[in-house]
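Each chain, written out:
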Amino acid sequence: MAEQKKIFIEHTLFLTIVLLCGLFVKNIYYLQIMTFVGINTMLALGLNMLMGYAGQVSLGHAAFYGIGAYTTAILSTTFGFSPWIALICSVGGAVFVAFVVGLPTLKLSGYYLGMGTLGFGMIVNIVFREWSSMTGGSSGFVGIPMLEAGPILFISGKNYFFLVWTMVFLAIILCRRILSSRMGRALRSIHDGENASMAVGVNTHFLKLQIFMFSAALGAIAGFLYAHFVLFISPESFGFMVSVKMVTMVVIGGMASVWGAILGASLLTLLPEVLHSFAEYEMIIFGLILMIVMIFMPQGLTRGLLDIYEHSRKHVGKIKTGK
Amino acid sequence: MLRIKNLKCGYGRIMAIQGVSLSVRQGELISIIGANGSGKSTLLLAICGLLKTWDGEILFKDNDLKGMSPQSIVRQGISMVPEGRQIFAPLSVMDNLKMGGYTMYRKGLKKQVEQDLETIMDMFPILRERQNQLAGTLSGGEQQMLAIGRALMARPSLLVLDEPSMGLAPKIVEMIFATIQGLRQEGVTILLVEQNARAALKIADRGYVLETGKMVLQGSAEELLVDDDVKRAYLGKDYGNFYDGRD
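Residues numbered from 1 in each chain as written. Chains lettered and ligands numbered in written order. Predicted model: local features only at pLDDT ≥ 70, side-chain atom pairs only at ≥ 80, totals over all residues.

S.K.: How should the overall build of chain A be read in this particular structure?
M.R.: Counting its secondary structure elements, chain A contains 14 helices and 4 strands. Taken along the three principal axes of its C-alpha coordinates, chain A extends 75 × 55 × 45 Å. Sequence-distant contacts in chain A: of pairs separated by 6 or more residues, those separated by 24 or more amount to 76%. (Helix = DSSP H or I, 4+ residues; strand = E, 2+ residues; numbered from the N terminus. Contact = placed C-beta atoms within 7 Å.)

S.K.: Which parts of the structure should I look at to understand the sheet that holds strand β2 (residues 14-24) of chain B?
M.R.: Strand pairing in a sheet is mediated by backbone hydrogen bonds. Such pairs are either parallel or antiparallel. Residues and elements named next belong to chain B. Here 4 strands make up an open sheet; going across it, the order is β2-β1-β4-β5 and the pairing antiparallel. Taken across any chain shown, the strands that pair with only one partner, and hence form the sheet edges, are β2 and β5 (63-64). Relative to β2, strand β1 (residues 2-11) runs antiparallel, the two being bridged by 8 bridges. Bridging across to β2, L2 finds its partner in V24. (Pairing = 2+ DSSP bridges.)

S.K.: What is the right way to look at helix α13 (residues 282-296) of chain A in this model?
M.R.: Spanning 15 residues, α13 of chain A covers 21 Å between terminal C-alpha atoms, matching the ideal 21 Å at 1.5 Å per step. Burial of α13 of chain A is sparse: only 0 of the 15 residues sit out of reach of the surface. (Expected span 1.5 Å × (residues − 1). Buried ≥ 20, exposed ≤ 12 C-beta atoms within 10 Å, placed from the backbone.)

S.K.: What is the right way to look at the interface of chain B and chain A in this model?
M.R.: Accessible area lost upon the coming together of the parts is a frequently used measure of interface size. With 23 residues of chain B at the contact, the number on the chain A side is 16 residues. When contributions to the side of chain B that touches chain A are tallied by element, the ones reaching two or more residues are α2 (70-76), α3 (93-100) and α4 (102-106) of chain B. In terms of residue class, the side of chain B that touches chain A is made up of 14 nonpolar, 5 polar and 4 charged. (Nonpolar A, V, L, I, M, F, W, Y, C, P; charged D, E, K, R; others polar.)

S.K.: How should unusual backbone geometry be read in this particular structure?
M.R.: With the exception of glycine, most residues fall at negative phi, and the peptide bonds are largely trans. All names here are of chain B. We note that K61 has phi near 50°; this positive angle belongs to a residue other than glycine. In this model, Q86 sits at a positive phi of 50°, which is unusual for a non-glycine residue. Structurally, the position occupied by Q86 is in the loop between β6 (78-81) and α3.

S.K.: How should I be thinking about the nonpolar core in this particular structure?
M.R.: A general feature of soluble globular proteins is that nonpolar side chains tend to end up buried together. Of all hydrophobic cores here, the largest spans 165 residues; its most connected members are M42 and L45 of chain A together with V160 and L192 of chain B. Here this core takes 14 residues from helix α10 (residues 204-230) of chain A, the largest share from any one element. Excluding residues that lie within four positions of it along the chain, L192 of chain B makes contacts with L29, I30, S31, L161, I180, A200 and A204 of chain B. (Core = buried A, V, L, I, M, F, W, Y, C linked by C-beta atoms within 7 Å.)

S.K.: Got a minute to help me understand the packing of helix α2 (residues 28-53) of chain A against α10 of chain A in this structure?
M.R.: A pair of packed helices is characterised by two quantities: the angle between their axes and the separation of those axes. Residue and element names in this part refer to chain A. One way to put it is that α2 packs onto α10 with a least axis distance of 7 Å and a crossing angle of 170°. With respect to their mutual orientation, α2 and α10 come out roughly antiparallel. Residues T35, I39, M42, L43, L45, G46, L47, M49 and L50 of α2 lie in contact with α10, whose contacting residues are I211, F212, F214, S215, L218, G219, I221, A222, L225, Y226 and F229. (Axes fitted to C-alpha atoms, helices over the stretch in contact; angles between N-to-C directions. Parallel < 35°, antiparallel > 145°, perpendicular 65-115°, else oblique.)

S.K.: Please clarify how the environment of L231 of chain A should be interpreted in this entry.
M.R.: All names here are of chain A. As for its placement among the helices and strands, L231 is situated in the loop between α10 and β4 (232-233). Among the residues examined, L231 registers 17 C-beta atoms within 10 Å and is labelled partly exposed. The spatial distance from the C-alpha of L231 to the C-alpha of L290 is 31 Å, given a sequence separation of 59 residues. Ignoring anything within four residues of it in the chain, the contact list for L231 reads I144 and M146.

S.K.: Would you mind showing me how to read the pairing of strand β4 (residues 55-60) of chain B here?
M.R.: Successive side chains on a regular strand alternate, one facing one side of the sheet and the next facing the other. Residue and element names in this part refer to chain B. Both β1 and β4 contribute to a ladder of 5 bridges, which runs antiparallel. Opposite I4, over in β4, you have I58 as the bridge partner. Sheet analysis places β4 next to β5, joined by 2 bridges and oriented antiparallel. By the bridge assignment for β5, L59 is matched with D64. A loop of 2 residues connects β4 with β5, the two strands running antiparallel in sequence, and K61 in this loop sits at a positive phi of about 50°.

Listed below in structure tokens is the structure:
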């Protein structure tokens, strides 16, 4: 019960913060940045399920992000589908690709899985670049329509901000439901090694495949949100560096933690914006901050901040009792 | 209940099990003893489907387990306590036990799982005490109890234990073996693999001696305990038994 209460409080807090940000932040630029945080959170959430909980590294996850974005772009612009139908196709397409790719690659583990997914990510990126009749090639894809639902038009700003964060909230709830289920336990059990999980009857290969497909789906949703937000996509947005950035978000935020995904995504999205004032030193400072976080909080921000909090509480307690 | 005929399997090109046969009857406690590298654990991996069988057959309740996936073997009723315990360190004790009932949950027998959880925590009170603790923080003996409890959660008709005494203090080893004996009295059929030959044979009905992938001896536990070859090779020199000698 206590656990449920805690989750309820966390969710309420989350919704309140989102609501306050959405209602009181008037600056379009800030709203845009926070929308990007939301999109990145969606990406990090998906990868976190795969990496943080199941312990499977993927260095090609930007591919699903890209598949989501390009599918919706092509379907809604070139073929004139409703974007909402395109969303279903995006997710379906990414899940299907994840199934086909995951079937052989998820038999690999550790570094080899990393290499396998890396190769996959590169191939997908080359397809985006070279299939110019469909994707617009390296000059990008323009003219993606804006989203609308009845009378509401999702233009960048408040509406889109709420759309993205509502989806993120739904994704968080979904992730938590999965994690607290039988499947979630099995997922966490394969983190350290699969033999024991197999010995209690878990079909580990199928389980990994399922979670790979799930994280691909979240990636595709993020791609969909990105495409209809920026209205212009190009292969660079889904390249290798983006995959690495996603992994960094998960690691920095804290593996195996839903809130870690938000923290990691926020830090990696906000930091470059804040550091713009340093001009040419931007990347150096960015790198330094990441290094410092990893050195002093090797378990990621979530665990690190919790440790600091618990430590300070103990300290305060000591002072109060006069020791 | 379990019958293995001329089993061959191994890793890569190395044949670690070179034609092993054995049988376990309903209600028996069978011990397989042997030195390091004699193929004990390999044999168990093959039974549980974690290692491919090259040749021969493994019959369990008249079903051939050859080529079956590990999870369908668990569903057939074989449950393993793996070597070195292999509890799920990042999960709580409670979640570890629930993982043991994974196949039960699958069948939708939630009520039964809850019942079994109670039974097992009655059997190992320490697990009840620590149910919310992370399994990785338990001591070696507690982890072993957890591993046994987890295996029992699947309601096995055959329980397979791989060196339950490994790395444990003599007192704890004694306790674990008493537990195993208790389980046997409750009617669980048990296949025990051990380096601690004396302790393993003391509680067993029958025993097998495995040496470099071949069964070299078999017989009733009493016979093996007094067999000169076994005495010389396993009861005197095995490091595990130095501790035994002290009590």
